[in-house]
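Working through the structure, step by step
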Amino acid sequence: MRIVEASLERLRLEMVRPLRTASGTYAAREGFVVCLVDEEGRRGWGEAMPLTEFGTESPEDCERALRAWLPELKRSEDAALPERHPAARHALEQARLDLLSQRRGVPLCQWLSSEAREAVHVNALLGASAPEAVEEEARRAAAEGYETFKLKVAGRSLDEDTARLLAVRGAVGARGHVRIDANGGWTEPEASRALDAWAGQGLELCEQPVEAGAFEALGRLSARAPCPIAADESLALPGAAQRLLAGPRTVGVLVLKPMVLGGLLPALALAREAARQGLEAYVTSALDGVIARAGAAHLAAALPSGRYASGLGVGHLFRDEPDHPFRPVRGRIVLPRTPGQGVA
Ligand SMILES: O=C(O)CCC(=O)C1=CC=C[C@@H](O)[C@@H]1C(=O)O
Ligand SMILES: [Mg+2]
């Protein structure tokens, strides 16, 4: 099947308020939307939302790669995709998978796996700083039906984070699944102190307690932590998947950001290898737009395990978030059953 049109548009997402994390503060997001039209008039949509702090290419390099590759796809739909530009590769692959699943007449998640689940659980992202504010965020999310809550930690004193964590636990009760994300902001001693101090808090898991390349420290923390350790930023490093999957057990969970991993298929392949090695995996957004989150939701439904909620509850962070079928309802995204991704 031929691609008869290949278009590229800028996408800028203004955030309602800057999102502060231990690895930086996000005030806006800059990316691109790709649309591929085939000779039977189907439209395949893809999004590139670079996350340079996590190791993707810059928006400028992403745009250059997309403008170079779109004509290639018009020459051949099966053209090889850029290997050194993960965000650009994500957009081109996503648009192509949208077309392929439409032609097959199945939702993208079913195209990815015949055992795909119909819905995915989503965690609420708690970004506020003050304990009272994060308690209110958690209370509101619990009232909306969320069962999993993700709290950004590190980058502030242990006492401040402890007050925030206790406020969240107080708001969601003992049954709430509370996960923390340090974004690599602790040293190994700081991570040990925090995880020891919070041993009684029933943490679901801890994302990236120490810097991305500190694989040995991750392994030592995993051996003594009161909860599973999840690798997020580490996965962007060359050879990281091999190191985390083939080497001595370092973490128990992989955080899959399709935007950082270069697409839905590389992320799915990593999840399947992780499952073979006894590791869990879940999908999170790269603080991206609706199209990227749609693809990520289909991927989450197709993962071998749905044990952990996906980090796809970020729409409220953006000023002009449109209404769309991938907005979580009562903490879940029910995948559209239409062929393809289901984004218009
Ligand atoms: O996981 C979520 O709930 C939302 C996504 C999210 O937290 C992140 C997206 C992109 C960069 C980071 O700040 C952060 C993460 O580290 O997981
Ligand atoms: Mg993370």
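From a predicted model like this one, the values you see are computed outputs, not experimental measurements. (Residues numbered from 1 in each chain as written. Chains lettered and ligands numbered in written order. Predicted model: local features only at pLDDT ≥ 70, side-chain atom pairs only at ≥ 80, totals over all residues. Heavy atoms only, no water.)

Looking at the assigned domains, one finds that the chain contains domain 1 (3–105) and domain 2 (111–334). A straight line from the C-alpha centre of domain 1 to that of domain 2 covers 23 Å. At the junction of the two partners, domain 1 supplies 30 residues and domain 2 supplies 36 residues. Carbon and sulfur atoms make up 67% of the surface buried where domain 1 meets domain 2, a total of about 2,800 Å² over both sides. Viewed at the interface, domain 2 and domain 1 are joined by zero salt bridges. (Domains from an automatic or database assignment. Contact = heavy atoms within 4.5 Å. Buried area = accessible area lost by both parts, 1.4 Å probe. Salt bridge = Lys/Arg side-chain N within 4 Å of Asp/Glu carboxyl O.)

So, about the pairing of strand β9 (residues 253–256). Of the two faces of β9, the one carrying Val253 and Val255 and the one carrying Leu254 and Leu256 are both buried. As paired elements, strand β8 (residues 229–231) and β9 share two bridges and run parallel to each other. Within the sheet, the bridge partner assigned to Ala231 lies in β9 and is Leu254. Each parallel crossover has a hand, and the one from β8 via helix α8 (residues 240–246) to β9 is right-handed. Relative to strand β10 (residues 280–283), β9 is paired through four bridges, and the arrangement is parallel. Bridge assignment links Leu256 to a residue of β10, and that residue is Val283. (Buried < 20%, exposed > 50% of the residue type's maximum accessible area, 1.4 Å probe, protein only. Helix = DSSP H or I, 4+ residues; strand = E, 2+ residues; numbered from the N terminus. Pairing = 2+ DSSP bridges. Right-handed = clockwise from strand over helix to strand, strands pointing away.)

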